[in-house]
Amino acid sequence: MDKNQMNMQNPEEEISLKELFLALWRQKILIISITLIAAILTGAFSVFVLSPVYHSKLNIVMNMPEIHTTKYGDYTLPLTTNQQYINLITSNNVLVNTMKDMGYDAKGMTLEDLREKITIGPMTATANEEQNSFEVKVAAGNPEEARKLAKALYSNYVEFLDVMTAEGAAEYYYNDFSVKIRSSLVELETNQKLLEKNEELLSKTPQTINQKEAAKEIKNSAGMHDFVILENIINPNYTQLELDIIENKQMINTIENTIELYKTYLEELDKLKVEIAQYYETGEFTELQSNIVSVSKTNISLPSEPVAPTRKTSPSNTKNVIIGAFLGGMVSVLIALIREFWFKKETDK
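Being a predicted model, the structure only gives us computed values, none of them experimental.

Trainee: Any details on the pattern of salt bridges? Residues and values, ideally.
Mentor: Taken as a whole, this structure holds seven salt bridges when the rule is applied. The salt bridge involving glutamate 144 is made with arginine 147; its shortest N-O contact spans 2.5 Å. Remark: arginine 147 and glutamate 144 occur in helix α6 (residues 143-204); sequence separation between them is three residues, near one turn of the helix. Aspartate 176 serves as the salt-bridge partner of lysine 180, at 3.2 Å between the closest nitrogen and oxygen. Of this pair, lysine 180 and aspartate 176 both sit in helix α6, four residues apart, which is roughly one turn of the helix. When its relative accessible area of 33% is taken as the criterion, lysine 180 is described as partly exposed. Judged by relative accessible area, aspartate 176 falls into the partly exposed class, the value being 23%.

Here it is in structure tokens:
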């Protein structure tokens, strides 16, 4: 294409662009009307149809240990990071109990519906330092409901962590004490047999030794000198056997006491396991403090109680009106161009 041809086309392009703007200007009433109608309809839909959403925040601070101290010993916790623990706030048991507290189950809400109302803030931990502060948002239809939902969620969350820890510790120590009882019974049987053997030896061992009779046997031995000999002395073998028997009895008594202690622990753990099973059935758990110290008591905190939000998070009426006006403007421009360049050409023909 040469320069003359390009120069011939440029005026046509300018005229076409001018015609385009003139066409839009001729349809300005239509464009403005459709844009305003779209903006008004979108605003009305946002105000009267869309349900408002309010968010309440939980600022949870946690520093979960690797080892949890209980009355039965030190228990190594199954999770290793605070991030893993905060993710449990949307676990099924927490949500089920929260739904019961809020009465959502009677309204037909599902776990997925409630889970969508909970948002865990972004993880911001550095490579060398673990994050221990988390922001959790809950959404509801009004400010007071949002506050109550946040409070119920946190309460059920810390209770679930306590139950989860108690369940793991109960299973671990129940198995541990069961094994120790079996081992102690074997040790008890061994010591009882040893006691019987020592008591039998003691019954056959003379308590004293007659030195005069022993001296007669060596009377004619070389180097024999005159000295005073007591007739009877205590047999050292007899004394040693007595000491061994006392030691055996002490050991047996210690083992029996240990076995009784382990059995007591097993009875407590059985009751605890019943309470844990009841929690999973009814959501109620009351015996934790008497058996295993609460893991959440010293490791998880809520610096401030959740409050009712003062304004809704969504929908944004202004934003929706702007979007509606923009879409309405686009549609109105398209309609105006169709009227100008399509229908007019049909009419001209």
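Trainee: I'd like a description of the sheet that holds strand β1 (residues 54-62), backed by residues and values.
Mentor: With antiparallel pairing, the four strands of this open sheet are ordered in space as β4-β5-β1-β8. Single-partner strands in this sheet number two, and they are β4 (118-120) and β8 (300-301). For β1 and strand β5 (residues 133-140), the ladder comprises eight bridges, and the chain directions are antiparallel. By the bridge assignment for β5, histidine 55 is matched with alanine 139. Contacts from α6 reach β1, β4, β5 and β8, with the element oriented near 30° to β1.

Trainee: How would you sum up the pairing of strand β3 (residues 73-76)? Please name residues and give values.
Mentor: With four bridges connecting them, strand β2 (residues 67-70) and β3 associate as antiparallel partners. The partner of isoleucine 67 across the bridge, within β3, is threonine 76. Between the end of β2 and the start of β3, which pair antiparallel, lie two residues.

Trainee: Could you give an account of a nonpolar patch on the surface, naming the residues involved and the relevant values?
Mentor: A grouping of Leu17, Leu20, Phe21 and Phe341 is seen on the molecular surface, where their side chains present a nonpolar patch of about 360 Å² in accessible area. Looking at which element gives the most residues to the nonpolar patch, the answer is helix α1 (residues 3-26), with three residues. Within the secondary structure, leucine 20 is located in helix α1. Taking the relative accessible area as the measure of exposure, leucine 20 reaches 31% and is therefore partly exposed.

Trainee: Run through the packing of aromatic side chains, naming residues and quoting values.
Mentor: The tally for this structure, following the rule as stated, stands at nine aromatic pairs. A centroid spacing of 5.9 Å and a plane angle of 25° characterise the contact between tyrosine 173 and phenylalanine 177, whose relative ring orientation is stacked. Within this pair, tyrosine 173 and its partner phenylalanine 177 are both found in helix α6, separated by four residues, close to a single helical turn. For the pair tyrosine 173 and phenylalanine 177, a shared accessibility class is recorded, and that class is buried. With a centroid separation of 5.4 Å and an interplanar angle of 20°, the aromatic rings of phenylalanine 177 and tyrosine 262 are classed as stacked. Here phenylalanine 177, found in helix α6, pairs with tyrosine 262, found in helix α8 (residues 236-282); they are 85 residues apart in sequence, far enough to count as distant. Assessed through its relative accessible area of 3%, phenylalanine 177 is described here as buried. Judged by relative accessible area, tyrosine 262 falls into the buried class, the value being 15%. Chaining the aromatic ring pairs together yields one cluster made of Tyr72, Tyr75, Tyr172, Tyr173, Phe177, Tyr262 and Tyr265. Its guanidinium or amino end placed over the ring of tryptophan 25, lysine 28 lies 4.3 Å from that ring's centre, counting from NZ or CZ. Its end group placed over the ring of tyrosine 174, lysine 273 keeps NZ or CZ at 4.2 Å from the ring centre.

Trainee: Lay out the nonpolar core in plain terms, naming residues and giving numbers.
Mentor: Formed by 57 residues in total, the largest nonpolar core has its most connected members in Ile60, Met62, Leu153 and Tyr157. Secondary structure elements with two or more residues in this core: β1, α3 (82-86), α4 (92-102), β5, α6 and α8. If we ignore the near neighbours within four places in the chain, the residues touching leucine 153 are Leu58, Ile89, Val94, Leu95, Thr98, Ile118, Val136 and Val138.

Trainee: Provide a residue-level description of the pairing of β1, including the pertinent values.
Mentor: On β1, burial follows the alternation: Tyr54, Ser56, Leu58, Ile60 and Met62 on one face are buried, whereas His55, Lys57, Asn59 and Val61 on the facing-out side are not. As paired elements, β1 and β8 share two bridges and run antiparallel to each other. Across the sheet, the residue bridging to methionine 62 is isoleucine 300, located in β8.

Trainee: Account for α6, with residues named and values stated.
Mentor: Taking 1.5 Å as the rise per residue, α6 with 62 residues should run 92 Å; its terminal C-alpha atoms sit 90 Å apart, in good agreement. The N-terminus of α6 is capped by asparagine 142, whose side-chain oxygen sits 3.3 Å from the backbone nitrogen of glutamate 144.

Trainee: Quick one: what's the story with the packing of α4 against α8, residue by residue and with numbers?
Mentor: For the pair α4 and α8, the least separation of the axes is 9 Å and the interaxial angle reads 60°. The angle between α4 and α8 places the two elements in the oblique class. Counted together, Asn93, Asn97 and Lys100 of α4 and Tyr279, Tyr280, Glu281 and Thr282 of α8 form the full contact between these two elements. Residues of the contact of α4 with α8, tallied by class, amount to two nonpolar, three polar and two charged.

Conventions used here
- Residues numbered from 1 in each chain as written.
- Predicted model: local features only at pLDDT ≥ 70, side-chain atom pairs only at ≥ 80, totals over all residues.
- Heavy atoms only, no water.
- Salt bridge = Lys/Arg side-chain N within 4 Å of Asp/Glu carboxyl O.
- Helix = DSSP H or I, 4+ residues; strand = E, 2+ residues; numbered from the N terminus.
- Buried < 20%, exposed > 50% of the residue type's maximum accessible area, 1.4 Å probe, protein only.
- Pairing = 2+ DSSP bridges.
- Contact = heavy atoms within 4.5 Å.
- Axes fitted to C-alpha atoms, helices over the stretch in contact; angles between N-to-C directions.
- Patch = residues over 30% accessible without salt bridge, like charges linked within 9 Å, V, L, I, M, F, W, Y side chains within 5 Å.
- Areas by Shrake-Rupley, 256 points an atom, 1.4 Å probe, with all protein chains shown as cover.
- Phe/Tyr/Trp six-rings, centres within 6.5 Å; stacked < 30°, edge-to-face > 60°.
- Lys NZ or Arg CZ within 6 Å of the ring centre and 35° of its normal.
- Core = buried A, V, L, I, M, F, W, Y, C linked by side-chain atoms within 4.5 Å.
- Expected span 1.5 Å × (residues − 1).
- Polar contact = N/O pair within 3.5 Å; in protein donor to acceptor, adjacent residues only side chain to side chain.
- Parallel < 35°, antiparallel > 145°, perpendicular 65-115°, else oblique.
- Nonpolar A, V, L, I, M, F, W, Y, C, P; charged D, E, K, R; others polar.

Function cannot be read off these values alone, since they describe shape.
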